[in-house]
Amino acid sequence: MTSSTPPKVGIIANPISARDIRRVVASANSVQVADRANIVLRALAALAACGIEEVVMMPERGGIATHVLRGMERSNAQGEARFPRLTHLAMPVTGTVDDTRRAARMMREAGDIAAIIVLGGDGTHRAVVAECGQVPIAGISTGTNNAFPEHREPTITGLATGLAAMGQVPAALAFAANKLIEVRIDGGPPDIALVDVALVTDRFVGARALWRAETFRELYVAFADPEVIGMAAIAGLIEPVTRREPGGLALTLAPAATAPMVVHAPIAPGLVTPVGVESWRRMPSGTVFSPDIAAGSVALDGERELFFDGHQEVTITLQDAAFRTVDVAAVMAFAAREKLLLRHAAPTTHPAPPRAALLAGA
Amino acid sequence: MTNNPFPLSRDELLTAYRTMRTIRDFEERLHVEFAKGDIPGFVHLYAGEEACATGIMMHLTDIDRIASTHRGHGHCIAKGVDVHEMMGEIYGKVTGCCRGKGGSMHIADLSKGMMGANGILGAGAPLICGAGLAAKFRGDGGVGLTFFGDGAANQGTVLESMNLAAIWNLPVIFVVENNGYAESTSVEYATAVDSYVDRAAGFGLPGVTVDGTDFFAVYEAAGEIIKRAREGGGPALLECKTVRFFGHFEGDAQTYKAKGENDHNRAHRDCLKLFGARVTAAGVVSEADLALIDREVAALIDDAVETAKGAPLPGARDLTTDVYVAY
Ligand SMILES: Cc1ncc(C[n+]2csc(CCOP(=O)(O)OP(=O)(O)O)c2C)c(N)n1
Ligand SMILES: [Mg+2]
């Protein structure tokens, strides 16, 4: 980032909420479009408070942009200039995940986007990661069944992204390296998962989600937090693996009735299910794993995406340090320690000036 | 392990294909026959949407009830209504399932749990709440499904019925067949929320959206929703995103569609082609199996049309019969 061009932040907000079968087989919910727009407004206000002057958004026709512009107009009309300038990428809107990929690619190629805030579920994050290269992302979850984006108030994510983008926090501390898992069928182009790859006996994609534990056979996780929801919970309750440590975990699963061990795992919101586990081992970065089951489907971050037959070769490989995220917790801890957001009303009584004068009116 | 990767047996897959093919041929043939001017009234064709009716109805038996729409031929066929009686009805002949007095928009067969097509948008929803209440009182495990389009979804009756079904915990399923248009009005213009699932959420009903051109997606989601309702889990909404190959009604110039939209849908979103490709690629069903069904269905539809054409119209004497029901 050169000092002549002030850093910009990108926002990719998927307007389509997940409406899959987990609403019926579990108690999942997701954030509706007006609320998504509201999240964007909160993040925008936080970015402005950090000194970000321009934000570039992915265009869409799902209603977020309309709500956001209306919100900004209202606040401007009331004389509260608390948002950065907002522009939209010049790109066609197809209303599919291709828009997300294209927007992430354009933001990477632009060169002046310091970070991308991503609003959506695991699938949206996956699409961004596939294209954003080394541009760090900050995820905001828009549903109950997401394992990758952390669940927190978007204003805080916005503040941390703004501070990191403005260079207020050393990059080594502000940005964290993340793992991902690549899946290839017959050596083709890789599909990626940010949290987990599950192999199940269903050989059709159908309603996509996973909830019938008796079909689970293999599970590969990049990280496994005992607090997370979804397939990774199975691993998280057996041998936790953090987001930051190298390598992941590979598990062999089996129907609960015949397995030597059964773990009761929250595989979807409100759905705690017995899952049979046969064995598990560490999954080092770069080691190629080939599944034992001959045919089935591959679920990426909990959704069946691909199916394979006996004559096809599936390979599964974990990669360390594959992409970067804004480490919101680390940035906010640094901000507190270094008093980045502190400003004193009467400077005479406190000789030390604030490190940054960030609050509105500073 | 068998070599069948699908959640249906080979026979069930063939049945699914036969049902979808029967609906398709029925509609394609009506498209041709209607232009000849022998068919009274209006017909609204279901071609393109076959996977919705079929994927859902394969989970039902005759004790389950459905309330259909103005675009109801596919629902009737998938629910097991006799194709000859349907064709007779559409031609207004005494051999029709309603003795030729209803026509396309009033086909009904209570013995099959088919409570009727319906010319009034959103009218099926309150009816199915009644059927659901009856099933609940009888405790027979029956469920009720009402179908409506993306346009009819905005009718007050649909919303009132969702509320009623929710408070009485009825075994009722609301199926939105979202084909993108209500007559010539696009769904983006006419619907204030970005999904009908969000609207159902307002009544505390879970909802699911699936690709309505993917038989397996519809089949699996419908299976879970219907099972849940049968077990007392209550109402839910299923949105099938689908395509309509023809105009709103026969004779519609379709100027509101994008150039090439129908061709694109027929090439890439044809549920029959997608299904055929999937089951043959898996080697469970052969091209020859499907071709045989194609021939049998073609013969069935030919015969249904010829029989209907040759059948008598109702006479003056039939004017007051079968019109009112005495309780
Ligand atoms: C109460 C009522 N209002 C208006 C009409 C006229 N009408 C018949 S079909 C139709 C459009 C229905 O669209 P949709 O619900 O999306 O079903 P589709 O035709 O696409 O299957 C309209 C407005 C009607 N039949 N009933
Ligand atoms: Mg419609």
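Here the structure is a predicted model, which means the values were calculated and not measured.

Rules behind the numbers
Sequence order sets the numbering: in each chain, residues are counted from 1 along the sequence as written. Starting at A for chains and at 1 for ligands, labels are handed out in the order in which the entities are written. Only residues with pLDDT of at least 70 are given local features in this predicted model, and only at 80 or more are side-chain atom pairs given and counted; all residues enter the totals for whole chains, interfaces and linings. With hydrogens and water excluded, all non-hydrogen atoms of the structure serve as input to the side-chain values. Only runs of H or I of at least four residues qualify as helices and only runs of E of at least two qualify as strands under DSSP, and these elements are numbered from the N terminus. Radius of gyration: over C-alpha atoms. The globule rule applied is 2.2 Å multiplied by the number of residues raised to the 0.38 power. For every residue, the accessible area (1.4 Å probe, protein chains only) is compared with the maximum for its type, and the residue is labelled buried under 20%, exposed over 50%, or partly exposed between those bounds. In what follows, residue pairs with any heavy atoms lying within 4.5 Å of each other are defined as contacts. All accessible-area figures derive from a Shrake-Rupley calculation using a 1.4 Å probe, and residue coverage is judged against the displayed protein chains alone. Joining two parts hides part of their accessible area as seen by a 1.4 Å probe, and the buried area is that hidden amount summed over both. Should a side-chain nitrogen of Lys or Arg be within 4 Å of a carboxyl oxygen of Asp or Glu, the pair is scored as a salt bridge. Identification of polar contacts relies on pairs of N or O atoms within 3.5 Å, with a donor-acceptor requirement for protein atoms, meaning one able to donate a hydrogen and the other able to accept it, and with residues adjacent in sequence counted only if both atoms are side-chain atoms. Strand pairing requires that DSSP identify at least two bridges connecting the strands. Where each domain starts and ends follows an automatic or database-derived domain assignment. Here a cavity means grid points, on a 1 Å grid over the protein atoms only, where a 1.4 Å probe fits yet cannot get out; a pocket means an open set of points with protein on both sides within 12 Å along at least five of seven lines; lining residues are those with an atom within 4 Å of a point. Grid points are joined across faces, edges and corners, and a volume is the space filled by probe spheres set on the points. Here the coordinating atoms are restricted to nitrogen, oxygen and sulfur within 2.8 Å of the metal centre, or 3.2 Å for Na, K and Ca, and because water is not among them the sites may look incomplete. By convention in this text, a residue qualifies as near a molecule or strand provided that one of its non-hydrogen atoms is within 4 Å of it.

Undergrad: Is there a simple way to explain the overall build of chain B in this structure?
TA: Each helix and strand counted, chain B has 12 helices and seven strands in total. Against the 2.2 N^0.38 benchmark of 20 Å for 327 residues, chain B shows a C-alpha radius of gyration of 19 Å, consistent with a compact globule. Over its C-alpha atoms, taken along the principal directions, chain B stretches across nearly 55 × 50 × 45 Å. Here chain B, with 327 residues, has 56% of them falling under the buried criterion. Contacts spanning at least 24 positions in sequence make up 74% of the contacts within chain B whose residues lie at least 6 apart. Carbon and sulfur atoms make up 55% of the accessible area of chain B, which amounts to about 13600 Å² in all.

Undergrad: It is not clear to me how the interface of chain A and chain B should be interpreted in this structure. Could you clarify?
TA: Bring the parts together and some accessible area is lost; that lost area is often taken as the interface size. Listed as interface residues are 21 residues of chain A and, on the opposing side, 24 residues of chain B. Contact between chain A and chain B buries roughly 1800 Å² in total, counting both sides, with carbon and sulfur atoms accounting for 56%. Counting the surface chain A buries against chain B, the share from its top three residues, Arg19(A), Val24(A) and Arg203(A), is 39%. Its salt-bridge partner being Arg212(A), residue Glu224(B) comes within 3.9 Å of it at the nearest N-O pair. Applying the counting rule to chain A against chain B returns six residue pairs in polar contact (both at pLDDT 80 or more). If you list the elements that add at least two residues to the side of chain A that touches chain B, you get α1 (22-25) and β15 (303-308) of chain A. In terms of residue count, the dominant contributor to the side of chain A that touches chain B is α1(A) (three residues).

Undergrad: It is not clear to me how the pairing of strand β9 (residues 216-221) of chain A should be interpreted in this structure. Could you clarify?
TA: Within a regular beta strand, the side chains point alternately toward one face of the sheet and then the other, so they alternate between its two faces. All names here are of chain A. The buried fraction of β9 amounts to five of the six residues, a majority that puts the element mostly inside the structure. Note: strand β8 (residues 196-200) against β9, five bridges, orientation antiparallel. What sits directly across from Val197, in β9, is Tyr220. Where β9 lies against strand β10 (residues 248-254), four bridges are found, and the strand directions are antiparallel. Bridged to Leu219 within β10 is Leu251.

Undergrad: It is not clear to me how the domain arrangement of chain A should be interpreted in this structure. Could you clarify?
TA: Residue and element names in this part refer to chain A. Each assigned domain of chain A is listed here: domain 1 (8-169 + 327-359) and domain 2 (179-320). Summarising the inter-unit geometry, the C-alpha centres of domain 1 and domain 2 are found 30 Å apart. With 20 residues of domain 1 at the contact, the number on the domain 2 side is 21 residues. Both sides of the domain 1 and domain 2 interface together cover about 1700 Å² of buried area, and 64% of this is carbon and sulfur. Its largest share of buried area at the contact with domain 2, domain 1 owes to Arg22, Arg126 and Ala147, together 36% of the area lost on that side. The closest approach of N and O atoms between Glu303 and Arg22, which form a salt bridge, is 2.8 Å. Viewed at the interface, domain 2 and domain 1 are joined by six residue pairs in polar contact (both at pLDDT 80 or more). Mapped onto the side of domain 1 that touches domain 2, the elements with two or more residues apiece are α1 and α5 (122-131).

Undergrad: Honestly, empty space enclosed by the protein in this entry has me stumped. Any pointers?
TA: To find leftover empty space, one rolls a probe the size of a water molecule over the atoms. Residues and elements named next belong to chain A. Applying the stated criterion across every chain yields a total of two cavities of 30 Å³ or more. What lines the largest cavity is a set of 14 residues, and nearest its centre among them are Arg22, Gly230, Met231, Ile267 and Gly302. A volume near 30 Å³ is recorded for the second largest cavity. What lines the second largest cavity is simply Asp202, Ala209, Leu210, Trp211, Arg212, Thr215, Phe216 and Arg304.

Undergrad: Can you help me understand the side chain of Arg23(A) in this one?
TA: If you trace the backbone, Arg23(A) turns up in helix α1. You can call Arg23(A) buried: its relative accessible area is 9%. Excluding its chain neighbours within four sequence positions, the residues that come into contact with Arg23(A) are Ala18(A), Ala28(A), Asn29(A), Ser30(A), Asn145(A), Val197(B), Pro206(B) and Gly207(B).

Undergrad: How do you make sense of the environment of Met106(A) when you look at a structure like this?
TA: Residues and elements named next belong to chain A. Residue placement: Met106 occurs in helix α4 (residues 97-110). A residue is classified by how much of its surface remains accessible, and Met106, at 24% relative accessible area, is partly exposed. Considered as a pair, Met106 and Thr325 are 219 residues apart in the sequence and their alpha carbons are 18 Å apart.

Undergrad: Explanation requested: the coordination of the magnesium ion (ligand 2) in the structure shown.
TA: Tetrahedral metal sites with four donors have an ideal angle of 109.5 degrees; octahedral sites with six donors have ideal angles of 90 or 180 degrees. Residue and element names in this part refer to chain B. Within the first shell, the magnesium ion (ligand 2) binds the protein through Asp150 (OD), Asn179 (OD1) and Tyr181 (O), at distances of 2.0 to 2.2 Å. Site description for the magnesium ion (ligand 2): donor spacing in sequence, D-x28-N-x1-Y. With Asp150 in the loop between β2 (144-149) and α6 (156-167) and Asn179 in the loop between β3 (172-178) and β4 (181-182), the pair connects residues that are 29 residues apart, well separated along the chain. By relative accessible area, which is 3% here, Asp150 ends up buried. Judged by its relative accessible area of 9%, Asn179 is buried.

Undergrad: Sorry if this is basic, but what is going on with the pattern of salt bridges here?
TA: Should their charged atoms come close, side chains of opposite charge can pair. For the structure on display, the rule yields 39 salt bridges over all chains. For Arg126(A), the salt bridge is made with Asp301(A), and the minimal N-O distance between the two is 2.9 Å. Within this pair, whereas Arg126(A) is found in helix α5, its partner Asp301(A) is found in the loop between β14 (296-300) and β15, the two being separated by 175 residues in sequence. Residues Arg126(A) and Asp301(A) agree in their burial class; the two are buried. A salt bridge links Lys36(B) to Glu33(B); its shortest N-O distance comes to 3.2 Å. Residue class for Glu33(B) comes out buried when judged on its relative accessible area of 2%.

Undergrad: I keep staring at the site of ligand 1 and nothing clicks. Help me out?
TA: Residues and elements named next belong to chain B. The environment of ligand 1 is formed by 15 residues, the closest being His70, Arg71, Gly119, Ala152 and Tyr181. Within the backbone of Gly119, one N or O atom sits 2.7 Å away from a nitrogen atom of ligand 1. In the environment of ligand 1, an oxygen atom lies 3.1 Å from a nitrogen or oxygen atom belonging to the side chain of Asp150.

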